Amino acid sequence: MSECLFCKIVKGEIKANKVFENDSVCAFEDINPQAKVHLLFINKQHTCNVNEMNEAEIGQVFKAIAEFTTSNNLSKSGFRVVTNTGPDACQSVFHAHFHVLGGEQLAGFGS
Ligand code: AMP
Ligand code: ZN
């Protein structure tokens, strides 16, 4: 999608601090971090949200998250994956993306 912000980041037309890339997935730092580590994992192929992604795309993005968090010392201490979908969840960018938050103790849902 030519007007999509994250498609432009994939193509290198808008700069982002990329931390991971393979044939199908890339990840970059969120511009407005909500935790010490706050990354966005996306499929290079445009879909609007997780419900539009097929099984292969979901597998590719979670495999990338597993690879990255394992090789960057995040998986041992822990991390959180969030995907905001639609207006009630305040989704603001309509290219499916998975927030990976960690690098510090995160608040629990009950606290
Ligand atoms: P969401 O609100 O779940 O749709 O998440 C969109 C995320 O994209 C927000 O956390 C923004 O801070 C982030 N964001 C917006 N523009 C950029 C950008 N140019 N580079 C990196 N992250 C961005
Ligand atoms: Zn896109």
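Here, every reference points to the structure presented above.
Our subject in this report is the structure included herewith. (Residues numbered from 1 in each chain as written. Chains lettered and ligands numbered in written order. Predicted model: local features only at pLDDT ≥ 70, side-chain atom pairs only at ≥ 80, totals over all residues. Heavy atoms only, no water.)

Moving on, we get to the site of ligand 1. Lining the immediate environment of ligand 1, one finds 16 residues, of which Asp 30, Asn 84, Ser 92, His 97 and His 99 sit closest. Within the side chain of Asp 30, one N or O atom sits 2.5 Å away from an oxygen atom of ligand 1. The backbone of Ser 92 places a nitrogen or oxygen atom 2.7 Å from an oxygen atom of ligand 1. Here ligand 1, which alone exposes 500 Å², has 84% of that area covered by the protein. Among the elements of the structure, α1 (5-11) and β2 (25-29) are those that each provide at least two residues to the shell around ligand 1. The element that contributes the greatest number of residues to the shell around ligand 1 is α1, accounting for 3 residues. Classifying every residue of the shell around ligand 1 by side-chain character gives 8 nonpolar, 6 polar and 2 charged. (Near = heavy atom within 4 Å. Polar contact = N/O pair within 3.5 Å; in protein donor to acceptor, adjacent residues only side chain to side chain. Areas by Shrake-Rupley, 256 points an atom, 1.4 Å probe, with all protein chains shown as cover. Helix = DSSP H or I, 4+ residues; strand = E, 2+ residues; numbered from the N terminus. Nonpolar A, V, L, I, M, F, W, Y, C, P; charged D, E, K, R; others polar.)

With that settled, the discussion passes to the coordination of the zinc ion (ligand 2). Surrounding the zinc ion (ligand 2) are the protein donor atoms Cys 4 (SG), Cys 7 (SG), His 46 (ND1) and His 95 (ND1), which sit 2.0 to 2.3 Å from the metal. Taken together, the 4 donor atoms coordinating the zinc ion (ligand 2) and their angles of 104 to 117° define a geometry best described as tetrahedral. All donor residues of the zinc ion (ligand 2) come from one chain, and their arrangement in sequence is C-x2-C-x38-H-x48-H. With Cys 4 in the segment before α1 and His 95 in the loop between β4 (79-82) and β5 (98-102), this pair connects stretches of sequence that are 91 residues apart. Classification of Cys 4 as buried rests on a relative accessible area of 8%. (Donors = N, O, S within 2.8 Å, 3.2 Å for Na, K, Ca; no water. Tetrahedral: all angles 85-135°; square planar, octahedral: opposite > 155°, others 65-115°. Buried < 20%, exposed > 50% of the residue type's maximum accessible area, 1.4 Å probe, protein only.)

All right, on to helix α2 (residues 55-71) then. Over its 17 residues, α2 extends 24 Å from the first C-alpha to the last, a length consistent with the 24 Å expected when each residue adds 1.5 Å. Three or more residues of α2 are buried, namely Glu 57, Val 61, Ala 64, Ile 65, Phe 68 and Thr 69. Down the axis, α2 shows its buried residues gathered within 120° of arc, on one side only. Within α2, the exposed residues directed more than 90 degrees away from the buried face are Glu 55, Lys 63, Thr 70 and Ser 71. Packing partners of the buried residues in α2 comprise β1 (18-21), β2, β3 (37-43), β4 and β5. Measuring from the side-chain oxygen of the N-cap residue of α2 to the backbone nitrogen of Ala 56 gives 3.1 Å; that N-cap residue is Asn 54. One or two positions beyond α2, positive phi appears at Asn 73, with a value near 60°. (Expected span 1.5 Å × (residues − 1). Arc of directions from axis to C-beta. Contact = heavy atoms within 4.5 Å.)

This part is about the nonpolar core. In terms of nonpolar packing, the biggest core is built from 15 residues, with Phe 20, Val 25, Phe 41, Met 53, Val 61, Phe 68 and Phe 98 touching the most fellow members. Counting only elements with at least two residues in this core, the list comes to β2, β3, α2 and β5. In terms of residue count, α2 provides more of this core than any other element does, 4 residues in total. Not counting the four nearest positions on each side in its chain, Phe 98 is found in contact with Leu 39, Leu 40, Phe 41, Val 50, Met 53, Val 61, Phe 62, Ile 65, Val 81, Val 82 and Thr 83. (Core = buried A, V, L, I, M, F, W, Y, C linked by side-chain atoms within 4.5 Å.)

Enumeration according to the criterion identifies 4 aromatic pairs in this entry. Ring centres 5.2 Å apart and planes at 75° place the aromatic pair Phe 6 and Phe 28 in the edge-to-face group. Pair noted here: Phe 6 is in helix α1 and Phe 28 is in strand β2, with a separation of 22 residues, a long-range link. On the accessibility criterion, Phe 6 (5% relative accessible area) is buried. The class for Phe 28 is buried, based on a relative accessible area of 3%. (Phe/Tyr/Trp six-rings, centres within 6.5 Å; stacked < 30°, edge-to-face > 60°.)

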